[in-house]
Amino acid sequence: MRNLLSANFARLWRSRLFWIAETGMFVWGVFAYFLLRINNVNGYPFENGNTYFFNQMTFVGITVACFSGLFLGTEYSDGTIRNKVNVGHSRVTIYLANLVTVACAGFAQFAAYTLAALTAGTLLVGDLVWSRLHSLPETFALSFLSICTSAAVAVLISMVVLDKAKAVLLNVLLSILLLGAGASALKGLLQPPVTERVYNTETGAYVYAAEENLGKLADLGVEIVPNPKYLSGTERKVYECISAVLPTSLALSCALEEDENGYDRFSALHVAGTLAAVVVLSGSGILVFRKRDLK
């Protein structure tokens, strides 16, 4: 395993793709804080620093997926994996070494964005970079868990699909689908238990709080009613389990200020969900990879 990791990291260090990803993340970090500077100049309120400091987590699954498909796909096309097997390395250690390598590449992308925030971001907006950050230890833990699961998904596809182009395409499509699923699960969990309903005080009829009603504010009333979209009971537990497993839900949770509407953004369930996802995905990938014909 040590020799495999050494070879992987040496190749990673020389990889043009790796440095393109690092540069892209750094540039994105600069751009994000440049937008924050513009918003401040125009008088827009700034309350949640997590939205900017962990902005890259929204699409880190996609960048890890692209990197994994291209980086590991090259090993197939060049015959590197076949050579590793021929010299005596087991397929299990090859798979696990690649998983660690891709995960470390994801952490490096995270570090590049963070470096941009602390350097260029500080030059652009000063102490706004860190003055309104919330629950940093928890948020860094969420980022770590999300990257680990994203790497497990990406390596699974990259190691069982021999064609590099197909592996990249499947990785990107799956990461986009996971982003939509994660956003949907998180949206459901963040629904408030109650909501407001506007009605006409004279007729009692419910009305939309639209622009045409603004001139009749004196005739409008607001009542607090249970939110039909609020998740409770078994349904909520199912959504919480899904959110704990999906790397995109974890990534999107990084932008939250704190626990909202009964949703615990970081708990033991998220750690257990990540471990379970990584073990199941990696175990499945290893089983398929061991039966692959590398000729």
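This report concerns the structure included in the present document. (Residues numbered from 1 in each chain as written. Predicted model: local features only at pLDDT ≥ 70, side-chain atom pairs only at ≥ 80, totals over all residues. Heavy atoms only, no water.)

**Examining the overall build of the chain**
So, step 1. What the chain contains, in helices and strands, is 13 helices and two strands.
So, step 2. Buried residues in the chain amount to 43% of all 295 residues.
So, step 3. For the chain, the proportion of contacts with a sequence separation of at least 24, taken over those separated by at least 6, is 81%.
So, step 4. Roughly 15200 Å² of accessible area belongs to the chain as shown, and the carbon and sulfur atoms make up 64% of that amount. (Helix = DSSP H or I, 4+ residues; strand = E, 2+ residues; numbered from the N terminus. Buried < 20%, exposed > 50% of the residue type's maximum accessible area, 1.4 Å probe, protein only. Contact = heavy atoms within 4.5 Å. Areas by Shrake-Rupley, 256 points an atom, 1.4 Å probe, with all protein chains shown as cover.)

**Here's the deal with the pattern of salt bridges**
So, step 1. Tallied over the entire structure, the rule returns two salt bridges.
So, step 2. Between Arg265 and Glu138 there is a salt bridge, with its nearest N and O atoms 3.6 Å apart. One end of the pair, Arg265, is in the loop between α12 (247-253) and α13 (268-290); the other, Glu138, is in helix α9 (residues 136-160), and 127 residues separate them in sequence.
So, step 3. Note that Arg236 is salt-bridged to Glu240, the shortest N-O span being 3.7 Å. (Salt bridge = Lys/Arg side-chain N within 4 Å of Asp/Glu carboxyl O.)

**Looking at empty space enclosed by the protein**
So, step 1. Under the definition given, this model contains two cavities of 30 Å³ or more.
So, step 2. There is about 80 Å³ of room inside the largest cavity.
So, step 3. Gly61, Ala65, Ser150, Val153, Ala154, Asn171, Leu174, Ser175, Leu178, Pro247 and Thr248 are the residues that line the largest cavity.
So, step 4. Those elements that place two or more of their residues in the lining of the largest cavity are α4 (60-77), α9, α10 (164-189) and α12.
So, step 5. The leading source of residues in the lining of the largest cavity is α10, at four residues. (1 Å grid on protein atoms, 1.4 Å probe; cavity = no way out; pocket = protein on both sides within 12 Å on 5 of 7 lines; lining within 4 Å. Points joined across faces, edges and corners; volume = space filled by probe spheres on them.)

**A few points about the nonpolar core**
So, step 1. Ranked by internal contacts, the top residues of the largest apolar core, which has 54 residues, are Tyr33, Phe53, Met57, Tyr95, Val155, Met159 and Phe289.
So, step 2. With residues near it in sequence (within four places) discarded, Tyr33 still touches Tyr52, Phe53, Tyr113, Ala117, Gly121, Leu124, Val125 and Val129.
So, step 3. Within the second largest apolar cluster, seven residues are counted, among which are Leu189, Leu190, Leu231 and Leu256. (Core = buried A, V, L, I, M, F, W, Y, C linked by side-chain atoms within 4.5 Å.)

**Section: helix α11 (residues 233-245)**
So, step 1. A rise of 1.5 Å per residue sets the reference length of α11, with its 13 residues, at 18 Å; its end C-alpha atoms lie 19 Å apart and thus fit the reference within 8%.
So, step 2. All of the buried residues along α11 are Arg236, Ser243 and Ala244. End-on, the buried residues of α11 take up no more than an arc of 100°, which puts them together on one face.
So, step 3. Tucked inside the fold, the buried residues of α11 contact α10, α12 and α13. (Expected span 1.5 Å × (residues − 1). Arc of directions from axis to C-beta.)

**Things to note about the packing of aromatic side chains**
So, step 1. If you walk through the whole model with that rule in mind, you get 14 aromatic pairs.
So, step 2. Centre to centre, the rings of Phe53 and Phe54 are 5.2 Å apart; their planes meet at 70°, and the pair counts as edge-to-face.
So, step 3. Residue classification places Phe54 among the buried residues on the basis of a relative accessible area of 2%.
So, step 4. With centroids separated by 5.1 Å and ring planes inclined at 15°, the aromatic side chains of Phe67 and Phe71 adopt a geometry described as stacked. (Phe/Tyr/Trp six-rings, centres within 6.5 Å; stacked < 30°, edge-to-face > 60°.)

**What to know about unusual backbone geometry**
So, step 1. Although it is not a glycine, Ser135 adopts a positive phi angle of roughly 50°.
So, step 2. Within the element layout of this structure, Ser135 appears in the loop between α8 (128-131) and α9.

**Some details on a nonpolar patch on the surface**
So, step 1. Together, Trp28, Phe31, Phe34, Leu35 and Ile38 line one region of the surface with nonpolar side chains, adding up to about 420 Å² of accessible area.
So, step 2. Structurally, Trp28 is set in helix α2 (residues 16-41). (Patch = residues over 30% accessible without salt bridge, like charges linked within 9 Å, V, L, I, M, F, W, Y side chains within 5 Å.)

**Considering the packing of α11 against α13**
So, step 1. At a minimum axis distance of 7 Å, the contact between α11 and α13 shows a crossing angle of 60°. It follows that α11 is oblique to α13 by the angle criterion. As α11 packs across α13, the resulting crossing turns out to be right-handed. Counting all contacts with α11, which are made through Glu240, Cys241, Ala244 and Val245, the residues of α13 involved are Leu269, His270, Gly273, Thr274 and Ala277. (Axes fitted to C-alpha atoms, helices over the stretch in contact; angles between N-to-C directions. Parallel < 35°, antiparallel > 145°, perpendicular 65-115°, else oblique. Left-handed = near helix turned anticlockwise from the far one by under 90°.)

**Some words on the environment of Leu173**
So, step 1. Its place among the elements puts Leu173 in helix α10.
So, step 2. You can call Leu173 partly exposed: its relative accessible area is 46%.
So, step 3. Separated by 108 residues in the primary sequence, Leu173 and Ala65 have C-alpha atoms spaced 9.3 Å apart.

**Some details on the environment of Leu96**
So, step 1. One can find Leu96 in helix α6 (residues 91-118).
So, step 2. What makes Leu96 partly exposed here is its relative accessible area of 29%.
So, step 3. What Leu96 contacts, discounting residues up to four positions off in sequence, is Met1 and Ile286.

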